[in-house]
Amino acid sequence: MRDNAKGGALTEVTFFILLSLYTPKHGYVVMQFIEDSTKGRLTLGAGTLYGALNSLQEKGWIAPFGDSAGRKKEYLITTQGKEIAEKELIRLNELVGVANEIIGGAV
């Protein structure tokens, strides 16, 4: 994953995963959230998703939630993960603001 936490630039997939985990979810529900939220533009395979979940867990941005002994392990965003997601939202809003100034109502 090529996320740049210092610069605030996250990959779109990482941002959607963090957003999805503001409430506890297991992997399949995360995949569904991303597909539904992007109207099918982004779809993740299980290998990609679970690799991303492991990476985010190693960074401390998400953590297992509840009893993870079962087959469906649930995850939840951490305080650090929320800070990263909020910084990304600010960055994206700034980007949109500049684009609106330049492009205006042309779109």
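Structure: above.
Secondary structure summary: the chain contains four helices and three strands in total. A total of 107 residues make up the chain; the buried ones form 31% of that total. As displayed, the chain offers around 6800 Å² of accessible surface, 55% of which is attributable to carbon and sulfur atoms.

This brings us to the pairing of strand β3 (residues 74–77). Side chains of β3 alternate between two faces, with Y75 and I77 buried and E74 and L76 left unburied. Examined bridge by bridge, strand β1 (residues 25–26) and β3 share two bridges and lie antiparallel to one another. Residue H26 lies in a different strand from β3, and its bridge partner there is E74. As defined by bridge partners, strand β2 (residues 62–65) adjoins β3 across four bridges and the pair is classed as antiparallel. Bridge pairing in β3 links A63 to L76.

Before going further, it helps to examine the packing of aromatic side chains. For any pair of aromatic rings, the description consists of the separation of the ring centres together with the inter-plane angle of the planes. According to the stated counting rule, one finds zero aromatic pairs in the structure shown. If you follow K59 out to its NZ or CZ, it ends over the ring of W61, 4.7 Å from the centre.

The biggest cluster of nonpolar side chains holds 21 residues, and the ones touching the most others in it are I17, L18, L21, I34, L49, L53 and I62. Of all the secondary structure elements, the ones that give two or more residues to this core are α1 (12–20), α2 (27–37), α3 (46–59), β3 and α4 (79–103). When sequence neighbours within four positions are dropped, the list of residues in contact with L21 reads V30, L53, I62, Y75, L76 and I77.

A separate point is α1. Two residues of an α-helix separated by three or four positions point the same way, owing to the 3.6 residues in each turn. Those residues of α1 that sit buried are T14, F15, F16, I17, L18 and S20. Elements in contact with the buried residues of α1: β1, α2, α3, β2, β3 and α4.

Right, let's get into α3. The end-to-end C-alpha separation of α3 is 20 Å, in line with the 20 Å expected for 14 residues at 1.5 Å each. Taken together, the buried positions of α3 are L49, A52, L53, S55 and L56. Looking straight down α3, one finds that the buried residues subtend no more than 165° of arc, so they occupy a single side. Opposite the buried face of α3, at more than 90 degrees from it, the exposed residues are G47 and E58.

Turning next to the packing of α1 against α3. Running from N to C, α1 and α3 point in directions that differ by 75°, and their axes come no closer than 11 Å. By the angle between their axes, α1 is roughly perpendicular relative to α3. On α3, the residues that touch T14, I17 and L18 of α1 are L49, A52, L53 and L56.

What follows is about the pattern of salt bridges. The final tally for this structure, using the stated rule, is two salt bridges. In this structure, R41 engages E12 in a salt bridge whose closest nitrogen and oxygen atoms are separated by 2.4 Å. With R41 in the loop between α2 and α3 and E12 in helix α1, this pair connects stretches of sequence that are 29 residues apart. Since its relative accessible area comes to 53%, R41 is described here as exposed. By relative accessible area, E12 is classed as partly exposed at 37%. R91 is the partner of E88 in a salt bridge, and the nearest nitrogen-oxygen pair spans 2.8 Å. Of this pair, E88 and R91 both sit in helix α4, three residues apart, roughly one helical turn.

Rules behind the numbers
- Residues numbered from 1 in each chain as written.
- Predicted model: local features only at pLDDT ≥ 70, side-chain atom pairs only at ≥ 80, totals over all residues.
- Heavy atoms only, no water.
- Helix = DSSP H or I, 4+ residues; strand = E, 2+ residues; numbered from the N terminus.
- Buried < 20%, exposed > 50% of the residue type's maximum accessible area, 1.4 Å probe, protein only.
- Areas by Shrake-Rupley, 256 points an atom, 1.4 Å probe, with all protein chains shown as cover.
- Pairing = 2+ DSSP bridges.
- Phe/Tyr/Trp six-rings, centres within 6.5 Å; stacked < 30°, edge-to-face > 60°.
- Lys NZ or Arg CZ within 6 Å of the ring centre and 35° of its normal.
- Core = buried A, V, L, I, M, F, W, Y, C linked by side-chain atoms within 4.5 Å.
- Contact = heavy atoms within 4.5 Å.
- Expected span 1.5 Å × (residues − 1).
- Arc of directions from axis to C-beta.
- Axes fitted to C-alpha atoms, helices over the stretch in contact; angles between N-to-C directions.
- Parallel < 35°, antiparallel > 145°, perpendicular 65-115°, else oblique.
- Salt bridge = Lys/Arg side-chain N within 4 Å of Asp/Glu carboxyl O.

Structural measurements only, silent on function.
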